[in-house]
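Read off the chains here:
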Amino acid sequence: MGRAAAIARQIGWYFSKLSWYSATLMGDNHYRRYVEHRRRTHPGEPVMSEREYWRMRHDAIESNPNARCC
Amino acid sequence: MATPTAAPTERIEEQDGDVTYIRTEKDLPPVAIIDRSPITTRHKIIFGIIALLGAIAWAVIAFFRGETVNAVWFVIAAICTYVIGFRFYARLIELNIVRPRDDNATPAEVFENDTDYMPTDRRVLFGHHFAAIAGAGPLVGPVLAMQMGYLPGTIWIIIGAVFAGCVQDYLVLWISTRRRGRSLGQMVRDELGAAGGAAAIIGIITIMTILLAVLALVVVQALAQSPWGVFSIAMTIPIAIFMGIYLRFLRPGRVSEVSLIGVALLLLAVVSGGWVAETAWGESWFGLSAVTLGWCLIVYGFAASVLPVWLLLAPRDYLSTFMKVGTIALLAIGILIARPVMQAPAVSEFATSGTGPVFAGSLFPFLFITIACGALSGFHSLISSGTTPKMLEKESQMRLIGYGGMLTESFVGIMALITAAILNQHLYFTLNAPAASTGGTAATAAEYVNNLPLSGDPITAEQIEQAARDVGEQSIVSRTGGAPTLAIGMSEVLHRVFGGAGLKAFWYHFAIMFEALFILTTVDAGTRVARFMLSDGLSNLGGPLRKLRDPSWRVGVWVCSLAVVALWGSVLLMGITDPLGGINTLFPLFGIANQLLAAIALTLVSVIVVKKGYLKWLWIPGIPLLWDLTVTLTASWQKIFSGDPKVGYWTQHFQYRNALDSGKTSIGSAKNVDQMEAVIRNTFIQGTLSILFALMVIIVFATGLIMVMRVLRGGGTPLTEDEPVASKLFAPSGLIPTKVEREVQKQWDALPQSHARSVGTSAN
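Since the model is a prediction, treat every value here as computed from it, not as a measurement. (Residues numbered from 1 in each chain as written. Chains lettered and ligands numbered in written order. Predicted model: local features only at pLDDT ≥ 70, side-chain atom pairs only at ≥ 80, totals over all residues.)

Concerning the overall build of chain B
Alright, step 1. Within chain B one finds 29 helices and 3 strands.
Alright, step 2. In terms of C-alpha radius of gyration, chain B reaches 26 Å, essentially the compact-globule figure of 27 Å for 764 residues.
Alright, step 3. In terms of principal-axis extent, the alpha carbons of chain B reach across some 80 × 60 × 60 Å.
Alright, step 4. Per-residue burial for chain B yields a buried fraction of 55% across its 764 residues.
Alright, step 5. A sequence separation of at least 24 residues applies to 81% of the contacts in chain B between residues at least 6 apart. (Helix = DSSP H or I, 4+ residues; strand = E, 2+ residues; numbered from the N terminus. Rg over C-alpha atoms; globule rule 2.2 N^0.38 Å. Buried ≥ 20, exposed ≤ 12 C-beta atoms within 10 Å, placed from the backbone. Contact = placed C-beta atoms within 7 Å.)

The following block contains the structure:
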């Protein structure tokens, strides 16, 4: 029993690592990170909603596009 | 040195055996670790075994002349060489040139703003950087270079990456990180002066135009008269728009979720493309000619560059990142399981004769021009400056991201080479020789390739038709550009592992869709970037043009977008309608453009190395720079001055002009006066561009050389590095943290949440 649980835990660990990687690479957790950063650097000031945050991100690409390679 | 080190009171050093810990605040754990422990015996043995294994694999590839060489040897030779290069050569560069200072904050830490400046976990940034640098180039170049056999290509992709491509990417990342993530053009202006800077900007914009045109041409060649392919690519547009709306209005921020939905829809689009292609309306709606497709791409490129980012560009980018990483991993697994054997010769007849139908010219310099991206890609210097440095956590991670990222791209190039080398050689030339030679039908193509100096059994027209039916196409004759060849090779590998012969057509169209998807993403993004450079460059001229600096001025945006699209669009149409074949005349120009950009980047790096006083180590960027200049300027010289009309643009230009003037109505591949005039026009444009590229690079190199002379005489302009700021965060350097790094990380994790953290590091 203990062994099966250990394997299941191991698989769970790999899965959580993978989903963390994908979330960070693609941007799922960027908003959470923004909130933390904002609280730390500007405590007490208003924080954008997730919708507003992504609008701001896309507007930033609009005025400063990222190159993609050949 | 121009950079004074910050006040010593800020740094607290603590020695423990071979390890030095540096703190920037006495109450906080160390922010930097300098580990000078000597290499352990265990590591010596491991690296010894890797080196030996690599040597055996190289020997098998190079000297084994039996019937078959297995593809697995290529994978082993590549990986072993990469490991040794990364561990020893990259480390040498790190110790002597880069000299990372982890006690100094990176631009990402100093300017953190939650948009472009964001300290990002090194493994995630590696993924970002790889997704940004990898594209169609390393897939297409090695396929075309297979004309000369597998050996020259393999050697250049692996050795070129270790000594040239990775060095460029790594060192450009280094100089940009020390300059707030400035772009290549800005850094050339800052370090080499206004003349060099202006030449670099003009060079970058023209080079970008050629790049976009040739990539678009690759897509057009792959999709012309292919209703299945056109349907699945067309569907990516509504899928991306759906994803964009989903992210904007339904569930903002759920990027992985929407990307998975998008990938599922994309697979559905590939499958349903097969059904659509069988219907009469599918045939008439989506079976488009090359010229129509070219116009569709031009309209698409313009629309995509003026539409809001969130609607099309951002979701497409998510999709193509997902597909890129996924498919390349899939192909690697496929090759290791299927273990195909090589059909191509080690070195072909065409390597020495220079008369190959895929591209003209001999091995030196044209092999190096053709492979371009897989071994040394100037375009990476635009990613290594600008985007990636703004996300870097620690200077010592640059080796993993800059050098390591390019090694991965080189590996993609090796896989592309394998997929082309395992194809029947007669089939390879059927696909890749221009229509002017093959005649465009299965019967004439069979006759043509059977007369080429190839080994193996001749091919019949029925076999060519069967190969086309297997992948769900009407014809595979003269599907030039590399993408269809790669797709056939990929379907050959993948159907053996996943799904059997019944899925061959699916895998072919999956591969075509995968390539077209990220080429189109490059076209979107590239048009935007080129527009940005154009409006920025024009606004510097002053007067009323200064208004262009404002990115929200829609008229300016539209006009500049139109100008950029008109530039690459006209080159694209020129390639499509070229009576001589298009790809074989334009691809060398693309390669030369890319390699000349690398020359600009390496010149800049070399000047900075001299300015910093590391003259002893100038050979590290200097050797690849001189090699690259030799290759590209020789190729440019031949393209401009060669007396062979197949190689020299101007000889061909005057040959056709004289023929026209003397009243002839056909010559060579041109069957009537219109086609003759097309050749005259095309060769004029191509010849002019060759001269322009070469001149811009000679100017940049000369200004670099003058600057080096001035510095050596004790003058020269000072370096423009930023003042160092003390770092307040810690992160490991390599992919796997060392024991010491883990201990320090634990100390940081034990602190209350109020301290700086990088994207995602909280999940550890």
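Picking up after the structure, the text goes on.
Digging into helix H1 (residues 2–26) of chain A
Helical geometry note: an α-helix holds 3.6 residues per turn, so side chains three or four residues apart project in the same direction.
Alright, step 1. Taking 1.5 Å per residue as the helical rise, H1(A) with its 25 residues ought to reach 36 Å, and the 36 Å between its terminal C-alpha atoms agrees with that figure.
Alright, step 2. Listed in full, the buried residues belonging to H1(A) are A:Trp20, A:Ala23, A:Thr24, A:Leu25 and A:Met26.
Alright, step 3. Summarising the contacts, the buried residues of H1(A) are in contact with helix H4 (122–133), helix H10 (255–278) and helix H13 (313–338) of chain B.
Alright, step 4. Following H1(A) by one or two positions, A:Gly27 adopts a phi angle in the positive range, close to 120°. (Expected span 1.5 Å × (residues − 1).)

Some details on the pairing of strand S2 (residues 19–23) of chain B
Residue and element names in this part refer to chain B.
Alright, step 1. By the bridge criterion, 5 bridges tie strand S1 (residues 12–16) to S2 in an arrangement that is antiparallel. From the neighbouring strand, Glu-14 faces S2, where its bridge partner is Tyr-21.
Alright, step 2. In this structure, the hairpin formed by S1 and S2 is closed by a connection of 2 residues, where Gly-17 is found at a positive phi of approximately 65°.
Alright, step 3. Two elements, S2 and strand S3 (residues 32–35), share 4 bridges in a ladder whose sense is antiparallel. Paired with Thr-20 across the bridge in S3 is Ile-34. (Pairing = 2+ DSSP bridges.)

Focus on the nonpolar core
Nonpolar side chains in soluble globular proteins generally cluster together in the buried interior.
Residue and element names in this part refer to chain B.
Alright, step 1. Among the nonpolar cores identified, the biggest contains 237 residues, and Leu-215, Ala-216 and Val-219 are the most heavily contacted of them.
Alright, step 2. For Ala-216, the residues in contact, after removing those within four places along its chain, are Leu-297, Val-523, Trp-568 and Leu-572.
Alright, step 3. Counting residues in each nonpolar core, the second largest holds 7 residues, with Val-31, Ala-32, Phe-730 and Val-744 among its members. (Core = buried A, V, L, I, M, F, W, Y, C linked by C-beta atoms within 7 Å.)

A closer look at the environment of B:Ile34
Alright, step 1. Locating B:Ile34 in the fold gives a position in strand S3.
Alright, step 2. For the pair B:Ile34 and B:Ser642, spaced 608 residues apart in sequence, the C-alpha separation works out to 55 Å.

Focus on the packing of H1(A) against H10(B)
Alright, step 1. Following both chains from N to C, one finds H1(A) and H10(B) inclined at 95°, their axes separated by 8 Å at the closest point. Classified by the interaxial angle, the pair formed by H1(A) and H10(B) is roughly perpendicular. Contact residues: A:Ser22, A:Ala23 and A:Met26 in H1(A); B:Val255, B:Ser256 and B:Ser259 in H10(B).
Alright, step 2. Considering only residue class, the contact of H1(A) with H10(B) consists of 3 nonpolar, 3 polar and no charged. (Axes fitted to C-alpha atoms, helices over the stretch in contact; angles between N-to-C directions. Parallel < 35°, antiparallel > 145°, perpendicular 65-115°, else oblique. Nonpolar A, V, L, I, M, F, W, Y, C, P; charged D, E, K, R; others polar.)

Here's the deal with the confidence of the model for chain B
In regions of low pLDDT, the predicted coordinates are not meant to be interpreted in detail.
Residues and elements named next belong to chain B.
Alright, step 1. Looking at chain B, the pLDDT average stands at 92 and 97% of residues meet or exceed 70.
Alright, step 2. This stretch, residues 1–8, has a pLDDT under 50; its non-local contacts, to residues over four places away or in other chains, come to 10 contacts.
Alright, step 3. Our summary of model confidence lists the complex with pTM equal to 0.94 and ipTM equal to 0.93. (pLDDT = per-residue confidence, 0-100.)

Quick look at the sheet that holds S2(B)
By way of backbone hydrogen bonds, the strands of a sheet pair with one another, either parallel or antiparallel.
All names here are of chain B.
Alright, step 1. Taken in spatial order, the 3 strands line up as S1-S2-S3 in an open sheet, and their pairing is antiparallel. Strand pairing shows two members of the sheet lacking a second neighbour, S1 and S3, which therefore form its edges. Here the average twist between neighbouring strands, direction ignored, is 20°.

Concerning the interface of chain B and chain A
Alright, step 1. The interface is formed by 49 residues belonging to chain B together with 33 residues belonging to chain A.
Alright, step 2. Going through the elements one at a time, H4, helix H8 (194–223), H10, H13, helix H16 (380–384) and helix H23 (504–539) of chain B are the ones with two or more residues in the side of chain B that touches chain A.
Alright, step 3. Counting residues per element, the side of chain B that touches chain A draws most heavily on H23(B), which supplies 7 residues.
Alright, step 4. Of the residues contributing to the side of chain B that touches chain A, the split by class is 24 nonpolar, 18 polar and 7 charged.

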